[in-house]
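Residue-level listing of the chains:
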Amino acid sequence: MWVIPEVTPEFTQRMLDVLELYEREYNATEPVVCLDEKNHQLLSTPRGSRPMRPGKPKRTDYEYQRAGVRNELVILEPKAGRRHIRTTKHRTGRDWAKTIRHLVTHMYPNATTIHLVEDNLNTHNAKYLLEVYGETEAATRLAGLKFHPPPKHASWLNMAEIEIGSFTRAVLKRRGATDTDLLKHKNAYVRRRNL
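Note that the coordinates shown come from a computational prediction; the quantities given were computed from them, not determined experimentally.

Enquirer: Would you mind going over the pattern of salt bridges with me for this structure?
Expert: When the charged atoms of two side chains with opposite charge come close together, those side chains can pair. Applying the stated criterion to the full structure yields seven salt bridges. With a closest N to O distance of 3.6 Å, E77 and R82 form a salt bridge. The class of R82 is partly exposed, set by a relative accessible area of 35%. Across the pair R193 and E163 runs a salt bridge, and its minimum N-O distance is 2.9 Å. One end of the pair, R193, is in helix α5 (residues 179–193); the other, E163, is in helix α4 (residues 159–172), with 30 residues separating them in the sequence. The exposure class of E163 is buried, given its relative accessible area of 3%. Each member of the salt-bridge network shares a partner with another, and the members are R83, E163 and R193.

Enquirer: Explain the side chain of D36 here, please?
Expert: Mapped onto the elements of the fold, D36 is located in strand β1 (residues 32–44). The side chain of D36 sits in the buried core without any salt bridge; R91 is the nearest counter-charge, 8.2 Å away. Leaving out residues up to four positions away in the same chain, D36 has contacts with E72, L73, V74, D119, N158, A160, E161 and I164.

Enquirer: Which parts of the structure should I look at to understand the side chain of N71?
Expert: Mapping N71 onto the fold places it in strand β4 (residues 65–77). The buried category is assigned to N71, whose relative accessible area is 1%. Among the polar contacts made by the side chain of N71, one reaches the side chain of E37 at a distance of 2.7 Å. Excluding anything up to four places from it in sequence, N71 contacts E37, K38, N39, R86, T87, T88, H90 and R91.

Enquirer: Explain unusual backbone geometry here, please?
Expert: Among all residues save glycine, negative phi is the norm, and among peptide bonds the norm is trans. At H153, a position not held by glycine, the phi torsion is positive, near 70 degrees. For H153, the location among the structural elements is in the loop between β7 (145–147) and α4.

Enquirer: Whenever I open this one, the packing of α4 against α5 confuses me. Can you help?
Expert: Each pair of packed helices can be summarised by the angle the axes make with each other and by the distance between the axes. Close contact between α4 and α5 brings their axes to 10 Å; oriented N to C, the two are set at 130 degrees. Here α5 runs oblique to α4, going by the angle between their axes. In the crossing of α4 with α5, the sense of the turn from one axis to the other is right-handed. For the pair formed by α4 and α5, the contact residues are E163, S166, F167, A170, V171 and L172 on the first element and L182, H185, K186, Y189, R192 and R193 on the second. Class assignment for the residues of the contact of α4 with α5 results in six nonpolar, two polar and four charged.

Scoring rules and cut-offs
- Positions within a chain are numbered from 1, following the residues in the order the chain's sequence is written.
- Local features are withheld for residues below a pLDDT of 70 in this predicted model, meaning they are given only at 70 or higher, and side-chain atom pairs are given and counted only at 80 or more; totals for whole chains, interfaces and linings count all residues.
- Neither water nor hydrogens contribute to the side-chain values; these are computed over all heavy atoms in the structure.
- By definition, a salt bridge exists where a carboxyl oxygen of Asp or Glu is found within 4 Å of a side-chain nitrogen of Lys or Arg.
- Think of it in three bands: residues with accessible area under 20% of the maximum for their type are buried, residues over 50% are exposed, and the middle band is partly exposed, with areas taken using a 1.4 Å probe on protein chains only.
- Each helix is a run of DSSP H or I of at least 4 residues and each strand a run of E of at least 2, with the numbering of both proceeding from the N terminus.
- For the purpose of counting charges, residues Lys and Arg are taken to be positive, whereas Asp and Glu are taken to be negative. His and the chain ends are not included.
- Residue contacts are counted whenever heavy atoms from the two residues lie within 4.5 Å of one another.
- Distance and chemistry together define a polar contact, namely a pair of N or O atoms within 3.5 Å, with one atom able to donate a hydrogen and the other to accept it when in protein, and with adjacent residues in sequence counting only for side-chain atoms on both sides.
- In this description, a line fitted to the C-alpha atoms serves as the axis of each element, helices being fitted only across the stretch in contact, and the angle between N-to-C directions of two axes falls anywhere from 0 to 180 degrees.
- Throughout, the term roughly parallel applies to angles under 35 degrees, roughly antiparallel to angles over 145, roughly perpendicular to angles from 65 to 115, and oblique to all others.
- Crossing handedness is read from the near helix: turned anticlockwise from the far helix by less than a right angle, it gives a left-handed crossing, and turned clockwise, a right-handed one.
- Lys, Arg, Asp and Glu make up the charged group, whereas Ala, Val, Leu, Ile, Met, Phe, Trp, Tyr, Cys and Pro make up the nonpolar group; the residues left over, Gly among them, are polar.

Given below as structure tokens:
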């Protein structure tokens with residue numbers, strides 16, 4: 001609790017809003033979707049590694065080389081047991097806007113309202129939808145979205161954070177210096193985790 005300076009009425013109201021949202025019965029036309037993102041480095045092993053053999057674990061040298069940075073946008077629909085992970089080369093508002101467009105047009109085209117739980121990161125802002133798609137399309141995208149931000153200092157209320165932890169342990173902790181490696185492991189993870 002040390003990170004929460006004070007439990008204010010606003011904190012309580014936002015917390016209850018998210019918790020009540022999670023308690024709702026599943027409704028495919030009004031999905032509850034959590035979104036969060038994580039930056040990570042692609043790392044290569046310049047000296048390679050020794051493969052696993054009977055009685056011997058795989059051995060990787062501690063030396064590594066940076067091979068770029070990627071941003072993972074994790075979309076989780078907890079009640080449906082579905083997750084989707086989009087990888088971008090940057091963490092920008094434009095990347096967020098493209099993810100929101102994908103969410104609305106490809107993932108939930110038949111939804112009347114998408115209840116979106118996401119934090120107040122500076123790139124999670126409707127101005128980027130306007131910048132990328134213009135006023136008319138941005139208004140169309142935003143019309144079906146209802147934002148439910150968790151309280152400040154309580155991003156742990158966003159279930160996508162839990163998914164990021166699992167994804168990090170399963171995929172991002174391993175060394176892989178190429179987007180192909182990342183995509184292969186990410187897709188396997190998503191297939192395994194989706195119900």
